[in-house]
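# Topology and contacts: notes
Below are the chains, spelled out letter by letter.
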Amino acid sequence: MIQAKGYAAQSAETDLAPWNFERREIGPHDVLIEIAYCGVCHTDLHQIKNEWFPGVFPMVPGHEIVGKITQIGLHVKKFKTGDLGGVGVMVDSCMECDDCKNHQEQFCQVSAVQTYNSTGHDGLPTYGGYSNNIIVREEFVHHISDKLNLAGVAPLLCAGITTYSPLRKWKVGKGHKLAIVGLGGLGHMGVKFGVAFGAEVTILSTSESKREAAKALGAHHFVVTKNADELAAVKGTFDFILDTVAANHDINLYLPLLHTNGTFITVGMPVEPFQVPSFSLSGGNKTVTGSGAGGLAETQEMLDFCVEHDITSDIELIDIKDIHPAFERMVKGDVRYRFVIDMATLK
Ligand code: NAP
């Protein structure tokens, strides 16, 4: 077994704390990554607190992982030692079902394995990126360019692909008015991709304090949703709304902002279900849909797009021992716009 150390929650009631554990041996198709940086996704908090479903404990969260490949299995072809590698939300799947063949491995119904809080094909629990290393089957590791700031690349592995994928699927671009709800980790990546794809982008935020800084992201408009006048001014104007909010909220505040035939895409995963009156959809032929992360090929496509367009996440680099204050600030919406753990601080 390979020795590893990280930060784990021993139960949903306890804080994360240092924990030594073991990872599986490096199989013939596996690579070992020495983790340099790991992003802090709101999903980490949902999961260590059992907000969605009972988790597998001890739990080492983290699925925005970048680092250097330091060992490879006998049959690995995709990487050599010394390469940079990135891992997102999943580390294995069956590779044979319809979803896998359609490049949507994240929805594999047979044997999808999440990066943490999941059980691997070997029957062992998976542990995520708040740790010094990880062993992953080569197909689930992405090539990472050395042209971009590595810490700023980490959040692309989840926040990046989760916003890139639906905007691509719905062909959002020039001539479209796109609103992004929530300017956090996912939201700020949604703004960057929306702008890069040529859409006219409006941020719908609860935070007046983000108005000035948000301009630097390239958004064309900023609306504070608590201000009734500002909200009324954008009623019926958007072709697409991408909702990235983690907290429980009322979708009916946003549906009237859609144009006729407009589409509301949720990627946020609050605990409480949305209540959607059917007349607010049938009046105006509106669509409510969702999107989950992205497949392997599309994730690499997104990473390559980011290199080409010089896109990284705007981050606050933190020491791993400051993870709890970071969680507290994330819950308050006080992050510009993604915390990333410097894994050198684990030593
Ligand atoms: P985050 O960084 O905490 O950002 C969420 C933002 O939502 C906040 O910064 C805040 O922005 C806004 N917000 C907070 N409370 C709100 C409220 N009561 N009403 C309206 N807006 C509110 O979270 P994240 O890491 O981007 O994750 C967002 C959600 O996406 C989480 O639920 C996460 O689990 C989910 N997620 C889903 C997928 C997927 O595959 N679909 C992948 C990753 C994450 P403002 O200050 O601008 O209002």
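Residues numbered from 1 in each chain as written. Predicted model: local features only at pLDDT ≥ 70, side-chain atom pairs only at ≥ 80, totals over all residues. Heavy atoms only, no water.

## Things to note about the overall build of the protein chain
Formally: In DSSP terms, a helix is any run of H or I states spanning at least four residues, a strand is any run of E spanning at least two, and both are numbered starting from the N terminus. We compute the radius of gyration over the C-alpha atoms and compare it with the globule rule, which gives 2.2 Å times the number of residues raised to the power 0.38. Only protein chains enter the accessibility calculation, which uses a 1.4 Å probe. A residue is then buried if its area is under 20% of the maximum for its type, exposed if over 50%, and partly exposed in between. Contact criterion: two residues are considered in contact whenever any of their non-hydrogen atoms come within 4.5 Å of each other. A 1.4 Å probe and the Shrake-Rupley method give the accessible areas. Residues count as covered only by the protein chains that appear here. Counted as positive: Lys and Arg. Counted as negative: Asp and Glu. His and the chain ends are not counted at all. A single reference atom marks each charge: NZ on Lys, CZ on Arg, CG on Asp, CD on Glu.
Secondary structure summary: the protein chain contains ten helices and 17 strands in total. Computed over the C-alpha atoms, the radius of gyration of the protein chain is 20 Å, within 12% of the 20 Å expected from 2.2 N^0.38 for a compact globule of 347 residues. Residues classed as buried in the protein chain amount to 56% of the 347 residues present. For the protein chain, restricting intrachain contacts to residue pairs at least 6 apart in sequence, the fraction spanning at least 24 positions comes to 67%. Surface summary for the protein chain: the accessible area is close to 14,800 Å², and the carbon and sulfur share equals 52%. In the protein chain, which carries 29 positive and 40 negative side-chain charges, the distance between the mean positions of the two groups comes to 4 Å.

## Some details on the pairing of strand β14 (residues 258–266)
The cut-off we apply is this: Strands pair, by our definition, only if DSSP identifies at least two bridges between them.
Where strand β13 (residues 238–243) lies against β14, five bridges are found, and the strand directions are parallel. Opposite Ile241, over in β14, you have Phe264 as the bridge partner. For β14 and strand β15 (residues 287–290), the ladder comprises four bridges, and the chain directions are parallel. Bridging from a neighbouring strand, Thr266 pairs with Gly290 of β15.

## A look at the site of the ligand
Spelled out, the test is: Here, proximity means that at least one heavy atom of the residue falls within 4 Å of the molecule or strand. Polar contact is defined as a pair of N or O atoms within 3.5 Å, subject to the rule that within protein one atom must be able to donate a hydrogen and the other to accept it, and that residues adjacent in sequence are counted only when both atoms are side-chain atoms. When residues are sorted by character, Ala, Val, Leu, Ile, Met, Phe, Trp, Tyr, Cys and Pro go into the nonpolar class, Asp, Glu, Lys and Arg into the charged class, and all the rest, Gly among them, into the polar class. Here the limits of each domain have been adopted from an automatic or database domain assignment.
What surrounds the ligand is a group of 32 residues, the closest being Ser205, Thr206, Ser207, Lys210 and Arg338. Within the contact set of the ligand, an oxygen atom lies 2.7 Å away from a side-chain nitrogen or oxygen of Lys210. The set of elements that each furnish at least two residues to the shell around the ligand consists of α1 (42–48) and α5 (185–196). Element by element, the count of residues in the shell around the ligand is highest for α1, at three residues. Considered class by class, the residues forming the shell around the ligand number 13 nonpolar, 17 polar and two charged. When residues of the shell around the ligand are assigned to domains, at least three fall in each of domain 1 (2–157 + 314–346) and domain 2 (160–290).

## Focus: the layout of surface pockets
We apply this condition: Buried and open spaces are told apart on a 1 Å grid over the protein atoms alone, a cavity being a set of points where a 1.4 Å probe fits but cannot get out and a pocket being an open set with protein on both sides within 12 Å along at least five of seven lines. Residues with an atom within 4 Å of a point are the lining residues. Grid points are joined across faces, edges and corners, and a volume is the space filled by probe spheres set on the points.
Approximately 320 Å³ is the volume attributed to the second largest pocket. Surrounding the second largest pocket, 19 residues form its lining, Arg24, Asp122, Pro125, Thr126 and Ile135 being those nearest its centre. At four residues, the largest contribution of residues to the lining of the second largest pocket is made by strand β8 (residues 133–137).

## With respect to the environment of Ser205
With respect to the secondary-structure elements, Ser205 resides in strand β11 (residues 200–205). It is 43 Å that separates the C-alpha atoms of Ser205 and Gln3, two residues lying 202 residues apart in sequence. Those residues in contact with Ser205, other than ones at most four positions away along the chain, are Lys210, Phe222, Val223, Val224 and Thr225. Polar contacts involving the side chain of Ser205 include one to the main-chain amide nitrogen of Ser207, which spans 2.9 Å.

## Quick look at the pattern of salt bridges
Operational definition: What counts as a salt bridge is simple: a side-chain nitrogen of Lys or Arg found within 4 Å of a carboxyl oxygen of Asp or Glu.
Enumeration according to the criterion identifies 13 salt bridges in this entry. Ionic pairing is found between Glu316 and Arg329, a salt bridge with its closest N-O pair at 2.8 Å. One end of the pair, Glu316, is in strand β16 (residues 315–318); the other, Arg329, is in helix α10 (residues 323–331), with 13 residues separating them in the sequence. Residue Arg329 is classed as partly exposed on the basis of its relative accessible area of 28%. Each of Asp92, Arg137 and Glu139 takes part in one network of salt bridges that share partners.

## Focus: the domain arrangement of the protein chain
Put simply, the rule reads: The quantity reported as buried area is the accessible area (1.4 Å probe) lost by two parts once they are put together, taken as the sum for both.
Along its sequence, the protein chain is organised into domain 1 (2–157 + 314–346) and domain 2 (160–290). The C-alpha centroid of domain 2 is placed 28 Å from the C-alpha centroid of domain 1. Taken together, the contact between domain 1 and domain 2 spans 13 residues of the former and 17 residues of the latter. Summing both sides of the interface, domain 1 and domain 2 together bury roughly 1,300 Å²; the carbon and sulfur share of this comes to 56%. Among the residues domain 1 hides against domain 2, the three largest losses belong to Leu156, Arg336 and Tyr337. Together they make up 43% of the total. At the boundary of domain 1 with domain 2, the tally comes to one salt bridge. The shortest N-O distance in the salt bridge between Lys192 and Asp314 comes to 2.5 Å. Inspection of the region where domain 1 meets domain 2 yields nine residue pairs in polar contact (both at pLDDT 80 or more). In terms of residue class, the side of domain 1 that touches domain 2 is made up of six nonpolar, three polar and four charged.

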